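For reference, the chains in residue letters:
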Amino acid sequence: MEALVRTEEILFIAAVISYLVCSGLFIWYLISRNQAAGRLGMVLLVMGWLAHTAALALRWQTSGHAPMANLYASLSLFGWGIVLFFLITDRFYPVKVAGAMVVPVAFIITSVAGVFYEGPQELMPALQSYWLWIHVTIAMLSYGLFALAFGAGFIYIIQEYLLKKQYQNVILGFVFLFVALGLVIGLWLGSWWAEPARVADELGRVDKIYAGEDILKMVIGSIIGLAVGLILGYAAGKGAARPSFSKRLPSLDVLDEVSYRAVAFGFPMLTIGIITGSIWADQAWGSWWSWDPKETWSLITWLYYGAYLHTRLTMGWRGRHSALLAVIGLVVVLFTYLGVNLLLPGLHSYTPT
Amino acid sequence: MHLAVLGINHKSAPVELREKVSLNDERCGSLSEHLLAEAPITEVVPLSTCNRTEIYLVASRPEAGRREALASLARTAGIDPAELEACAYFHEGESAVYHLYRVAASLDSLVVGEAQILGQIKEAYHQAHAREDTSVLLNRLFRNAIEVGKRVRTDTRIGENPVSVSSVAVDLVKRVYDDLEGHTALLLGAGKMSELTATHLIANGISSVLVSNRTLARAREMAARFDGTPVPFEQLGDYLALADVVVCSTGAPHYVIRKGEVERAMRRRHNKPIFFIDIAVPRDIDPGVNDVYNAFLYDIDDLNEVAAANAAEREKEARKAEKIIQDEVKEFSRWVSSLEAVPTITELRRMAEEIKQGELEKARRKLDGLSDKEMQRVEAMASAIVNKLMHAPTVELKKAADERGGYMYVESLRRLFGLNGRSRREEDGRRSDG
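Colleague: Tell me what's going on with the overall build of chain B, and back it up with residues and numbers.
Modeller: The helix and strand tally for chain B stands at 17 helices and 10 strands. Evaluated residue by residue, chain B yields a buried proportion of 40% over its 434 residues. Counting only contacts in chain B whose residues sit at least 6 apart along the sequence, the fraction spanning at least 24 positions is 71%.

This is the structure we're talking about:
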């Protein structure tokens, strides 16, 4: 038992490392068009994904239930799904360079899973149901598809921007994008660094108290993020201003189709996820729907992607607007998934309240 | 034996002269035949394209070879040798090798990185080879040059980004539509550039072509050429909704396609992208069209900008190619110097001497009862055998060194006696490459 848990850990770490190395390789492939880097990245990604699969299977074995009982397991499943769908897409579309976008996302999600690592544990009685693992697995896989739609949509927006601007005066756009990303990431890292005091109120809700020192740390984090964003944005803009760069990106029609297909498959899966969840809720709590924050946000996500498909199918949306919806969609998904769990108390929180 | 090249190209000679000096297959044959009849020249490969005419040759005295080549070329072209000499360049030895490698890698081309020259070199060599005008040296040189050309194309990105306006346009279209199959192009107006663009689009698999022109007869004529459908100029707005790519080059003094029309067409085609290529001056398409959702507009200036940026990238790749070429030239020179008769003879003799010494040492250990005098006898006998065996090959090799194909003897001898392991392995490698 102990040995199996150890093995799972090692396999998981191997998967995370391989995703990190693959992110580097795919980004290098995008920048240099070095074919060997792309091929190596693909091989390593498959190997990392297999290790990841084995880790998840071991977790299933040792805990006696599907990997979903805690944040670690479900995030791990999320990352696993992203890589799986990217590998499948790669079989059908010339989108290998999109790995430079999709694999880092998978890496971040999987490594965040590692941050929340917990050993296998017994399920609390409320969670012991056949419906539950179908619910979680399908929901996570649909999230994986939405992440893929995000990646393709993001690259679509860049490719379209470059083509529309005729490769002239594009540096500013990249600087804006990277500075915005740098600020968000810098602030986020700064808030990790800050370690604010945690105070629980009488209802058990945890509140964070930020002292002056903590705020300073967050400001420093943001400034560093801004500076790094400025430098990287300028470099990226310089690189992207060469017309030969956008030749390496997939074409607009491929990106649009991949993003659309991912949502088209993800949406029914999310629907099934919500239905199975509600069947299970009925069994566990005797109520199909209780407007718990998670349920509410799942509904919002469902309506959001429903709107994406609606605008596409009946209003003829395609291209940039759809791509933008797919990009923002992942933010909605991540909020439903993590934000609700971490910020709002409710039945779905992974940490027992 | 010396390698040399005499030639003119687009940099050294005006087009009028290049036209006259240009050689067709038949002229190549007679010129080679004539040159080979001259004493100093033993191998010849003429190479003639629209931008260059060059004669690669092997001669025992390079200056004599140059004179002969110049005279024959001038005679074939029917011009004064002095006129040709003024524009001609001449390289010998290593710099001739360097020159051919650069030509094969298309670094010497008018459009750096163009792909045709490699095929032309192959063709020129195959014809010379079929006429049996080549031997060891030029065979090796041309086979290597073709390999170098291929290597430069695969190891650098010299040919990756197009530099002509029409191929840049098609390259950009493919960033919107990955596969042109199943898509429609609309050609407006006639002109060399737009027709070239249309040809490129068709070569890249575009499925249907619509042609429109102010005069219907002209539209019909062009449609026939591109296997397309003529459409009336007045109903352009309707056909715009069908077009994924629009190529414009009319002589109209005002905009032929306006923003409003494109917006309407875009609604009718449910926002499927349209790529507009405006080659006309003054412009045919309202620049505001680029602001229409999912419409992309490139005018001639935009295309030129992209072409210039791509050309700059080719320059960068060309520097990488130069490195590859320099390495390959060194490699070739090493091989050539291994074919010199004198060092080969020295090496052969050294090998024989080593064998003799080794065997004597063994014998001395086994025959310990021998007196000094008897031992000297044995040594003398061994030396005599070695010298007698070595005599004939030495003399023959020295004689062959000045003859046509003399390198063949040196090379055979090196192989038979295993004189140079490295060059032998290399030779095997070349063979298996075909």
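Text resumes after the structure shown.
Colleague: Can you tell me about the overall build of chain A, naming the residues and giving the values?
Modeller: On a plain count of helices and strands, chain A comes out with 11 helices and 2 strands. Start at the N end of chain A and walk to the C end: the helices and strands fall as α-α-α-α-α-α-β-β-α-α-α-α-α. Taking 353 residues into account, the globule formula puts the C-alpha radius of gyration at 20 Å, and chain A, at 21 Å, falls close to it. For the C-alpha atoms alone, the extent of chain A along its principal axes is close to 60 × 50 × 45 Å.

Colleague: Could you give an account of the domain arrangement of chain A, naming the residues involved and the relevant values?
Modeller: Structurally, chain A comprises domain 1 (1-123), domain 2 (132-158 + 251-353) and domain 3 (168-241). Summarising the inter-unit geometry, the C-alpha centres of domain 1 of chain A and domain 3 of chain A are found 26 Å apart.

Colleague: Describe the nonpolar core, and please don't skip the residues or the numbers.
Modeller: Among the nonpolar cores identified, the biggest contains 141 residues, and A:I82, A:L148, B:A185, B:V246, B:V247, B:C248 and B:F276 are the most heavily contacted of them. Broken down by element, the residue count for this core peaks at 20 residues, all from helix 5 (residues 130-164) of chain A. In terms of nonpolar packing, the next biggest core, distinct from the first, is built from 59 residues, B:M1, B:L31, B:V44 and B:L57 among them.

Colleague: Account for the environment of B:D286, naming residues and giving values.
Modeller: All names here are of chain B. Note that D286 resides in the loop between strand 9 (274-278) and strand 10 (295-299). Distance in space between the C-alpha atoms of D286 and Y255 is 5.8 Å, their sequence separation being 31 residues. Setting aside chain neighbours within four positions, we find D286 in contact with Y255, I257, R258 and K259.

Colleague: Any chance you could break down the packing of helix 3 (residues 71-92) of chain A against helix 5 of chain A for me, citing the residues and the numbers?
Modeller: A packed helix pair is summarised by two numbers, namely the angle formed by the two axes and the spacing between the axes. All names here are of chain A. Relative orientation of the contacting elements helix 3 and helix 5 amounts to 50 degrees, with a least axis distance of 8 Å. The orientation of helix 3 with respect to helix 5, classified from their angle, is oblique. Regarding helix 3 and helix 5, the two cross each other, and that crossing is right-handed. Listed contacts from helix 5 to S74, L77, F78, G81, I82, L84, F85, F86 and T89 of helix 3 are V136, T137, M140, L141, Y143, G144, L145, A147 and L148. Classifying every residue of the contact of helix 3 with helix 5 gives 13 nonpolar, 5 polar and no charged.

Colleague: Could you give an account of the domain arrangement of chain B, naming the residues involved and the relevant values?
Modeller: In many analyses, interface size is given as the accessible surface area lost on bringing the parts together. Split by domain assignment, chain B resolves into domain 1 (2-161), domain 2 (166-306) and domain 3 (338-433). Domain 2 of chain B and domain 3 of chain B are separated by 74 Å when their C-alpha centres are compared.

Colleague: Give a detailed account of the interface of chain B and chain A, specifying residues and quantitative values.
Modeller: Taken together, the 22 residues of chain B in the interface contact 21 residues of chain A. Those elements giving two or more residues to the side of chain B that touches chain A turn out to be helix 8 (165-176), strand 10 and helix 13 (300-338) of chain B. The class makeup of the residues in the side of chain B that touches chain A is 8 nonpolar, 6 polar and 8 charged.

Colleague: Run through unusual backbone geometry, naming residues and quoting values.
Modeller: In this structure, the amide linkage connecting B:V281 to the following residue, B:P282, adopts the cis form with an omega of -5 degrees. Position of B:P282 among the secondary structure elements: in the loop between strand 9 and strand 10. Located in the positive-phi region is A:R33, a residue other than glycine, with phi close to 55 degrees. Relative to the helices and strands, A:R33 resides in the loop between helix 1 (2-32) and helix 2 (35-63). Its identity as a non-glycine residue notwithstanding, A:Q166 has a phi of 55 degrees, on the positive side. The residue A:Q166 is located in the loop between helix 5 and helix 6 (171-194) in this model. Assessed through the 20 C-beta atoms surrounding it within 10 Å, A:Q166 is described here as buried.

Colleague: Give me the sheet that holds strand 6 (residues 208-212) of chain B: which residues, what numbers.
Modeller: Residues and elements named next belong to chain B. Reading across from one edge, 7-6-5-8-9-10 is the order of the 6 strands in this open sheet, with parallel pairing throughout. In this open sheet, the two strands that pair with only one neighbour each are strand 7 (229-230) and strand 10. In this structure, strand 8 (residues 245-248) lies alongside strand 9, joined through 4 bridges in parallel fashion. For V247, the partnering residue across the bridge sits in strand 9 and is I277.

Colleague: Hey, could you go over the sheet that holds strand 4 (residues 89-92) of chain B for me, with residue numbers and the actual values?
Modeller: All names here are of chain B. With respect to topology, 4 strands assemble into an open sheet ordered 2-3-1-4, the strand pairing being antiparallel. Bordering the open sheet on either side are strand 2 (41-49) and strand 4, each of which pairs with just one other strand. Across the sheet, the axes of successive neighbouring strands diverge by a mean angle of 15 degrees, strand direction being ignored. The pairing of strand 2 with strand 3 (residues 52-59) spans 8 bridges and is classified as antiparallel. Each residue of the ladder has a partner; that of S48, found in strand 3, is T53.

Colleague: Pulling in residues and values, what's your account of the packing of helix 5 (residues 94-104) of chain B against helix 7 (residues 136-155) of chain B?
Modeller: Residues and elements named next belong to chain B. Here helix 5 crosses helix 7 at 40 degrees, and the two axes come no closer than 8 Å. Relative to helix 7, the element helix 5 is oriented oblique. The handedness of the crossing between helix 5 and helix 7 comes out as right-handed. Residues V97, L100, Y101 and A104 of helix 5 pack against L141, A145, I146, V148 and G149 of helix 7. In the contact of helix 5 with helix 7, the residues fall into 8 nonpolar, 1 polar and no charged.

Colleague: Before we move on, can you summarise the environment of B:A13 with the specific residues and values?
Modeller: Residues and elements named next belong to chain B. Summarising the element assignment, A13 is placed in the loop between strand 1 (2-9) and helix 1 (15-21). Spatially, the C-alpha atoms of A13 and H91 are 16 Å apart, while their sequence positions differ by 78 residues. What A13 contacts, discounting residues up to four positions off in sequence, is I8, R18 and C87.

Colleague: Before we move on, can you summarise the pairing of strand 2 of chain B with the specific residues and values?
Modeller: Of all the 9 residues making up strand 2 of chain B, 9 are buried; the element is thus mostly covered by neighbouring parts of the structure. Hairpin geometry of strand 2 of chain B and strand 3 of chain B is characterised by an intervening segment of 2 residues between the two adjacent antiparallel strands.

Colleague: Can you explain the pairing of strand 9 of chain B? Please cite residues and give values.
Modeller: Put simply, side chains in a regular strand alternate between the two faces of the sheet. Residue and element names in this part refer to chain B. Burial analysis of strand 9 places 5 of its 5 residues in the buried class, which makes it a mostly covered element. Where burial is concerned, the two faces of strand 9 agree: the one with I274, F276 and D278 and the one with F275 and I277 are both buried. In the classification by handedness, the crossover that spans strand 8, the intervening helix 12 (residues 259-268) and the parallel strand 9 is right-handed. Bridging between strand 9 and strand 10 involves 5 bridges; their strand directions are parallel. In the strand pairing of strand 10, F275 is matched with F296.

Colleague: Account for the confidence of the model for chain B, naming residues and giving values.
Modeller: Residue and element names in this part refer to chain B. Per-residue pLDDT for chain B averages 88, and the proportion of residues at 70 or more is 95%. Residue range residues 421-434 is modelled with pLDDT below 50. Its contacts to residues more than four positions away, or to other chains, number 5 contacts. Complex prediction metrics read pTM 0.81 and ipTM 0.86.

Colleague: Explain the environment of B:E85 to me, using residue names and the numbers behind them.
Modeller: Residue and element names in this part refer to chain B. Mapped onto the fold, E85 is located in helix 4 (residues 81-87). Owing to 16 C-beta atoms within 10 Å, E85 belongs among the partly exposed residues under this scheme. Sequence separation between E85 and A309 is 224 residues, and the spatial gap between their C-alpha atoms is 37 Å.

Rules used throughout
- Residues numbered from 1 in each chain as written.
- Chains lettered and ligands numbered in written order.
- Predicted model: local features only at pLDDT ≥ 70, side-chain atom pairs only at ≥ 80, totals over all residues.
- Helix = DSSP H or I, 4+ residues; strand = E, 2+ residues; numbered from the N terminus.
- Buried ≥ 20, exposed ≤ 12 C-beta atoms within 10 Å, placed from the backbone.
- Contact = placed C-beta atoms within 7 Å.
- Rg over C-alpha atoms; globule rule 2.2 N^0.38 Å.
- Domains from an automatic or database assignment.
- Core = buried A, V, L, I, M, F, W, Y, C linked by C-beta atoms within 7 Å.
- Axes fitted to C-alpha atoms, helices over the stretch in contact; angles between N-to-C directions.
- Parallel < 35°, antiparallel > 145°, perpendicular 65-115°, else oblique.
- Left-handed = near helix turned anticlockwise from the far one by under 90°.
- Nonpolar A, V, L, I, M, F, W, Y, C, P; charged D, E, K, R; others polar.
- Pairing = 2+ DSSP bridges.
- Right-handed = clockwise from strand over helix to strand, strands pointing away.
- pLDDT = per-residue confidence, 0-100.

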